[in-house]
Amino acid sequence: MSATRTATATRRDIGPDGISMFGPDFPFAYDNHVRHPAGIGRVPPDQHGREVAVIGAGCAGLVTAFELMKLGLRPVVYEADRLGGRMRSERFAGHAGLVAELGAMRFPESSTTLFHYFDRCGLRTRPFPNPLTPASNSTVIDLKSRPVYAEGEEDLPPIYRKVLKAWDDLLENRAAFAAMQEAIRQRDVAAIKAIWNPQVKRLDDCTFYQFLAHSTEFASFRDREIFGQVGFGTGGWDTDFPNSMLEILRVAYTSADDNHRAVIGGVQQLPETLWQLAPSRDEMAHWPAGTSLALLHEGPPRPGVREIYRTHPGNITLVDQSGAIRTYPAMVMSAQVWMLLSQIRCDEALFPADHWTAIERTHYTQSSKTFVAVDRPFWQDKDPRTGRDAMSTTLTDRMTRSTYLLGEGDDRPGVICLSYTWNDDALKWLPLSASQRMDVMLESLGEIYPGVNLRRHIITDPITVSWELEPYFMGAFKANLPGHYRYQHRLFTHFMQDRLPPGYQGVFLCGDDVSWTAGWAEGAVTTALNAVWGVMRHLGGETHPDNPGPGDVFDAIAPLELDD
Ligand SMILES: Cc1cc2nc3c(=O)[nH]c(=O)nc-3n(C[C@H](O)[C@H](O)[C@H](O)COP(=O)(O)OP(=O)(O)OC[C@H]3O[C@@H](n4cnc5c(N)ncnc54)[C@H](O)[C@@H]3O)c2cc1C
């Protein structure tokens, strides 16, 4: 089957500037595949109603379950914590409309497959107030105790503009940025591979910091420091400096850090709606009209999984936290893969040894967020002396690092994300309680905005999270370190199970930590579609010839394989 056929896209299908998260490692048009009128495939009628286990009710698990249900299978979803996973929109008690987006919070328009499911679930979005974007009104960059106020990039002092230009130049000079974005826009698989594959060989061993420090564009330490603290798109990236440069290029090429939108009312509505949604009769095999995941489960998902074994003949047997034992012909694991090392007792025969190594070596970013609700969007008040906003989206080298102001309209209560941090910056909050965290944050912000009595506007207790402390996550999202490409390759390609000995088939991985773009829900959703394709094939099914799936075109567009 030709790669170009599946790669074809109309402009209508992709983000407004034509960029989607199409590749660069595995350039498959998941967005078109999932929207195709022929559907994403079928299983033989004698498989209809057959149970398939799905571990995890985050967005990957629920997209998997939803699509398996449409094929006429009976997904059995297990969830150890709460429905939604890292799409966790925590409500402020007594303020029904206000949510703290503790996990996923802002979605690049290039996440075209994710947006398909937003549309499918009737969710509405609005621009997210990232620094220096129109949605944020104004931005304050506070480095070394010197706050700078800007309403757009043009207001920044020359040194900041120089640093932003250095990043653009570096991407262009050393990573063929414009050519790659054009290849992605055109969905030109050959051009994408021609640019990307040599970079994989050259940069798998290179950290983000080395890439900067060894360039002429960032020869100055001061420029690197400012870049690390101010970053591009969403804010400072210095906590990503130790990561593989390939991770950063994937984000930059696919505009994952640009044009972000927030889901009105909270993104947890996506998994919640997928749970309740009944596909129309003509898009679903076998099940009667009105069938939904909730209906198939007659209530919530089953409890968390405690043990997984392979049992004869080619079955997978699960024990859940209630002690119930059930056996399936196939299983999809959507929880973060470290769960297989710690929370779930696993049969070693689940995976070949190389895959276990890849699971063990997976590296997660730590992350902490703290939110409060406030009485009104007071940050829009103008300082009578300067004419500036009282408070702005804030990037700083202080403890808070990034602060976002999330208004719900004039004079209505709103939300402030006091601090969103990663890695070392997140670990600094770890021993503190929510109110201790808030106190330190208010102190930091008080230094930047001495004239604002922030505390006077706070109307709720803070809501906080440290994802590394959450037992069913153990980290926020994967970030590959140098030398991790081969591990990533093993986990991503595991759904191509014809290549595995029969004894290792039937268990499928999905979720953003299996994807090439961890930390973005698009990766969770697209790897879910790989798993669905894998299960369908495992049970003797196939795709429609007009709509080949990711596994049908795998050989033509496969990610580069590095030798050992
Ligand atoms: C702090 C943070 C910020 C983020 N920001 C963004 C963003 O702005 N934009 C974006 O696109 N993405 C963002 N992401 C990433 C996004 O949240 C994820 O890509 C997506 O939610 C992952 O979905 P998933 O289904 O792969 O995994 P999860 O949501 O982790 O789902 C896995 C589920 O498995 C469950 N589970 C674990 N163990 C077991 C067990 N033993 N038995 C049964 N169930 C189990 C878990 O409880 C969980 O519900 C962010 C993530 C975090 C943490």
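Residues numbered from 1 in each chain as written. Predicted model: local features only at pLDDT ≥ 70, side-chain atom pairs only at ≥ 80, totals over all residues.

## Remarks on the overall build of the protein chain
Move 1: Secondary structure assignment for the protein chain yields 18 helices and 22 strands.
Move 2: On C-alpha atoms alone, the protein chain measures out to a radius of gyration of 23 Å, which is about the 24 Å that the 2.2 N^0.38 rule sets for 564 residues.
Move 3: Taking the principal axes of its C-alpha atoms as reference, the protein chain extends roughly 75 × 55 × 40 Å.
Move 4: Relative to its 564 residues, the protein chain shows a buried fraction of 53%.
Move 5: For the protein chain, the share of sequence-separated contacts (at least 6 apart) that also reach a separation of at least 24 residues comes to 73%. (Helix = DSSP H or I, 4+ residues; strand = E, 2+ residues; numbered from the N terminus. Rg over C-alpha atoms; globule rule 2.2 N^0.38 Å. Buried ≥ 20, exposed ≤ 12 C-beta atoms within 10 Å, placed from the backbone. Contact = placed C-beta atoms within 7 Å.)

## Some words on the site of the ligand
Move 1: In the neighbourhood of the ligand, 40 residues make up the surrounding shell, with Gly56, Gly58, Ala60, Gly85 and Gly511 lying closest.
Move 2: Secondary structure elements with two or more residues in the shell around the ligand: helix H3 (59–70), strand E16 (367–374) and helix H17 (521–538).
Move 3: If one sorts the elements of the shell around the ligand by residue count, H3 sits on top with three residues.
Move 4: Broken down by class, the residue content of the shell around the ligand amounts to 22 nonpolar, 12 polar and six charged. (Near = placed C-beta within 6 Å. Nonpolar A, V, L, I, M, F, W, Y, C, P; charged D, E, K, R; others polar.)

## Details of the confidence of the model for the protein chain
As a general rule, the predicted coordinates of low-pLDDT regions are not to be interpreted in detail.
Move 1: Scored by pLDDT, the protein chain comes out at a mean of 95, with 97% of its residues at no less than 70.
Move 2: Low pLDDT, under 50, characterises residues 1–13; the stretch is placed with 26 contacts to residues that sit more than four places away or in other chains. (pLDDT = per-residue confidence, 0-100.)

## Topic: the pairing of strand E19 (residues 414–422)
Move 1: Counting buried positions along E19 gives nine out of nine residues, so the element sits mostly inside the fold.
Move 2: Pairing geometry for E16 and E19, over eight bridges, is antiparallel. Looking at E19, one finds that Thr370 is bridged to Ser419. (Pairing = 2+ DSSP bridges.)

## Considering the nonpolar core
Generally speaking, soluble globular proteins have nonpolar side chains that are buried together.
Move 1: Grouped together as the largest cluster of nonpolar side chains are 122 residues, with contacts concentrated most on Ala53, Val332 and Val525.
Move 2: Broken down by element, the residue count for this core peaks at 10 residues, all from H17.
Move 3: The next biggest cluster of nonpolar side chains, apart from the first, holds 34 residues, and it includes Ile416, Leu454, Ala476 and Ala518. (Core = buried A, V, L, I, M, F, W, Y, C linked by C-beta atoms within 7 Å.)

## Focus: the sheet that holds strand E14 (residues 345–346)
Move 1: Reading across the sheet, the four strands line up as E12-E11-E10-E14 and stay open at both edges, with mixed pairing between neighbours. Edge positions in the open sheet fall to strand E12 (325–328) and E14, since each of these has one partner strand only.
Move 2: In this structure, strand E10 (residues 305–311) lies alongside strand E11 (residues 315–320), joined through six bridges in antiparallel fashion. Across the sheet, residue Thr311 finds its bridge partner in E11, namely Asn315.

## Here we look at the sheet that holds strand E18 (residues 402–406)
Move 1: Pairing is mixed across the open sheet formed by seven strands, whose spatial order is E8-E7-E17-E18-E19-E16-E20. Looking at strand neighbours, the two that pair on one side only are strand E8 (146–150) and strand E20 (463–466), the edges of this open sheet. Strand-to-strand twist across the sheet, computed as the mean angle between neighbouring axes with direction ignored, equals 15°.
Move 2: The sheet contact formed by E18 and E19 spans three bridges and is antiparallel. Directly across from Tyr404, in E19, lies its bridge partner Cys417. (Axes fitted to C-alpha atoms, helices over the stretch in contact; angles between N-to-C directions.)

## Regarding unusual backbone geometry
Move 1: With an omega dihedral of 5°, the bond running from Gly23 to Pro24 counts as a cis peptide bond.
Move 2: Structurally, Pro24 is set in the loop between helix H1 (3–7) and helix H2 (30–35).
Move 3: Residues His312 and Pro313 are joined by a peptide bond in cis, for which omega reads -10°.
Move 4: Relative to the helices and strands, Pro313 is located in the loop between E10 and E11.
Move 5: In the Ramachandran plot, Asn137 falls in the positive-phi region, its phi being about 65° despite a non-glycine side chain.
Move 6: Judged by the 17 C-beta atoms lying within 10 Å of it, Asn137 falls in the partly exposed class.

## Quick word on helix H4 (residues 112–120)
Move 1: All buried positions along H4 are accounted for by Thr112, Thr113, Leu114, Phe115, Tyr117 and Phe118.
Move 2: At the C-terminal side of H4, Gly122 shows a positive phi close to 70°.

## Overview of the packing of H3 against H17
The packing of two helices is summarised by the inter-axis angle and the distance between the axes.
Move 1: Two elements in contact, H3 and H17, have axes separated by 8 Å at closest approach and are oriented at 35°. Crossing hand, H3 versus H17: right-handed. Listed contacts from H17 to Cys59, Ala60, Val63, Thr64, Glu67 and Leu68 of H3 are Ala521, Ala524, Val525, Thr527, Ala528, Ala531, Val532 and Val535.
Move 2: For the contact of H3 with H17, the per-class residue count stands at 11 nonpolar, two polar and one charged. (Left-handed = near helix turned anticlockwise from the far one by under 90°.)

## Here we look at H17
Because each turn of an α-helix spans 3.6 residues, side chains separated by three or four positions in sequence point in the same direction.
Move 1: Compared with the 26 Å implied by 1.5 Å per residue over 18 residues, the 26 Å span of H17 between its first and last C-alpha is a close match.
Move 2: Looking at the residues trailing H17, positive phi occurs at Gly540, about 85°. (Expected span 1.5 Å × (residues − 1).)

## Focus: the environment of Thr125
Move 1: Its location among the elements puts Thr125 in strand E6 (residues 125–127).
Move 2: Along the chain, Thr125 and Leu170 lie 45 residues apart, while their C-alpha atoms are 33 Å from each other.
Move 3: Ignoring anything within four residues of it in the chain, the contact list for Thr125 reads Phe118, Arg261, Ala262, Val263 and Ile264.

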